Amino acid sequence: MRSKFVVSVIVLLVAACGAPATGRETKPPESALVGVTMPTTTSQRWTSDGENIKHNLESRGHRVDLQYAENDVPTQVKQVESQIAAGAKLLIIASVDGSALTKPLLMAAEAGIPVIAYDRLLRGSPNVDYYATFENFRVGIYQAESLLTGLGLRNGDGSPGPAAGPFNIELFAGSADDNNSAFFFNGAMSVLKPLIDDGKLVVRSGQTDFQAVTTLRWDGETARKRMEEIVTTAYRRTKVNGVLSPYDGISLGILTALKNNGYAPGQGFPVVTGQDAELGSVKSIIAGEQYSTIYKDTRELATATASMAEAVLKGRTPPQLNNLNDYENGVKIVPAFLLNPVSVDKSNYHKVLVESGYYSDDQLR
Ligand code: GAL
């Protein structure tokens, strides 16, 4: 009743003034300034994400301020604050630490600036309007399934594989301050835990708890050190057969640790998973070192986010939203748009990555 009254008053006021309402209902100026902040340039995926969003929004006539925080939280806070001060009409944020931006998000809300969380959920704040990402739980499922396929416990079509096990595996998760990390890990464990419980998979380090296996800032060097520590302590008398890795940068660190400790590609080399289909990892898959990765088409995510942005700038609800339940950020459920990931290994990389134009054959040589 009350909201109907408020709406009618607004409608009457707008009609009386002959001018558009202010705030989120405002028709956007032809060219709006959009602030885009990405976590780092050290990973190829984020630079592609940033460039793709920028080009998409620019081709729609908007101006874009694109910033990278180099994995430093105070830098990202400053970048968002300065975009607000510069008059941004919308913010698109892929956070370094999903819970560290509550202050600038409050400033944005007070200035009537909507916010889209990009790939990583912004946590602990009511001032997040929408979220664009991939099916993160499914990413974890795919990582675990490809680990089982690589070990021979499962065939590519999901049927039981030729191997019986038991196999020794180790587990890695992403950064604990990234909401995605638990989604990936829980997705993977939904597949692996039953096999760990019945002894087909053995984690000799004993490190199976999410907190124990996280990798701060997804750092490859941190992962290399942890893997070296594990192989030199838990695998003195036996070999590790597989490693669940949540991200290509971490996978490359793990591969280095293995190679530094007597494991040689081609000779019972452990099955190592990944994510993002970064160039170095795809080359490593072709060379028979990394086993698999998860491809997430960042071009599609950028395009979808740009059209969500366009709708939001026009004061509309983005029509793409396809998940209204799963992304609770500690304060509210953030309406989300989720894209599908694709599992990639040596058998399908050409079809998925080259034939789709994501990489050229030349880039992969
Ligand atoms: C996650 C993202 C992954 C990977 C990782 C490390 O948030 O979903 O695709 O990029 O960060 O950058």
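In this text the structure is predicted, and so the values were computed from the model without any measurement. (Residues numbered from 1 in each chain as written. Predicted model: local features only at pLDDT ≥ 70, side-chain atom pairs only at ≥ 80, totals over all residues. Heavy atoms only, no water.)

**Student:** I tried to follow the UniProt feature "domain: Periplasmic binding protein" (unreviewed entry) in the protein chain on my own but got confused; where do I start?
**Tutor:** In the numbering adopted here, UniProt assigns the feature "domain: Periplasmic binding protein" (unreviewed entry) to residues 34–316. Helix makes up 46% of residues 34–316 and strand 14%, and the two end C-alpha atoms of the span are 16 Å apart. (UniProt positions renumbered as here; feature names shortened; annotations may be inferred. Helix = DSSP H or I, 4+ residues; strand = E, 2+ residues; numbered from the N terminus.)

**Student:** Can you walk me through the nonpolar core in this structure?
**Tutor:** The tendency in soluble globular proteins is for nonpolar side chains to be buried as a group. Formed by 29 residues in total, the largest nonpolar core has its most connected members in V36, M38, L57, I92 and Y118. For this core, the secondary-structure elements that each account for two or more residues are β1 (33–38), α2 (44–59), β2 (63–68), β3 (90–93), β4 (115–118), β5 (130–134), α11 (298–313) and β11 (336–339). Looking at this core, the element that brings in the most residues is α11, giving eight residues. Filtering out sequence-adjacent residues up to four positions away, L57 remains in contact with V34, V36, H62, V64, I92, A306 and A309. (Core = buried A, V, L, I, M, F, W, Y, C linked by side-chain atoms within 4.5 Å. Buried < 20%, exposed > 50% of the residue type's maximum accessible area, 1.4 Å probe, protein only. Contact = heavy atoms within 4.5 Å.)

**Student:** In this structure, what is going on with the pattern of salt bridges? I would like to understand it.
**Tutor:** Pairs can form between side chains of opposite charge once their charged atoms are near each other. Summed over all chains, the structure comprises 17 salt bridges. Across the pair K54 and E58 runs a salt bridge whose closest N-O atoms are separated by 2.7 Å. Linking K54 with E58, this pair stays in helix α2, spanning four residues, or about one helical turn. By relative accessible area, K54 is classed as partly exposed at 22%. Linking R120 and D178 is a salt bridge whose minimum nitrogen-to-oxygen distance equals 2.8 Å. (Salt bridge = Lys/Arg side-chain N within 4 Å of Asp/Glu carboxyl O.)

**Student:** Just checking my understanding: could you explain the sheet that holds strand β7 (residues 201–202) for this structure?
**Tutor:** Strands in a sheet are paired, the pairing made by backbone hydrogen bonds, and the direction either parallel or antiparallel. Across the sheet, which stays open at both edges, the four strands sit in the order β7-β6-β8-β9 with parallel pairing between neighbours. Two strands bound the open sheet, and with one partner strand each, they are β7 and β9 (271–272). Both strand β6 (residues 167–171) and β7 contribute to a ladder of two bridges, which runs parallel. Pairing of N168 across the sheet is with V202, part of β7. (Pairing = 2+ DSSP bridges.)

**Student:** How should I be thinking about the packing of helix α3 (residues 73–85) against helix α4 (residues 102–110) in this particular structure?
**Tutor:** Angle between the axes and distance between the axes are the two parameters that describe a pair of packed helices. Running from N to C, α3 and α4 cross one another at 10°; their axes reach a closest spacing of 9 Å. In terms of their interaxial angle, α3 and α4 are classed as roughly parallel. Contacts between α3 and α4 pair V77, V80, E81 and I84 from the former with K103, P104, M107 and A108 from the latter. Residue composition of the contact of α3 with α4, by class: six nonpolar, no polar and two charged. (Axes fitted to C-alpha atoms, helices over the stretch in contact; angles between N-to-C directions. Parallel < 35°, antiparallel > 145°, perpendicular 65-115°, else oblique. Nonpolar A, V, L, I, M, F, W, Y, C, P; charged D, E, K, R; others polar.)

**Student:** Just to check I follow, could you spell out unusual backbone geometry for this structure?
**Tutor:** Generally, phi is negative for residues other than glycine and the peptide bonds are trans, each holding for most cases. A cis amide bond links G165 with the next residue in sequence, P166, at an omega value of -5°. Within the fold, P166 resides in the loop between α5 (136–151) and β6. In this structure, E70 takes a positive phi of about 50° despite not being glycine. Position of E70 among the secondary structure elements: in the loop between β2 and α3. The backbone phi angle of D276 is positive, close to 110°, even though this residue is not glycine. Locating D276 in the fold gives a position in the loop between β9 and α10 (279–286).

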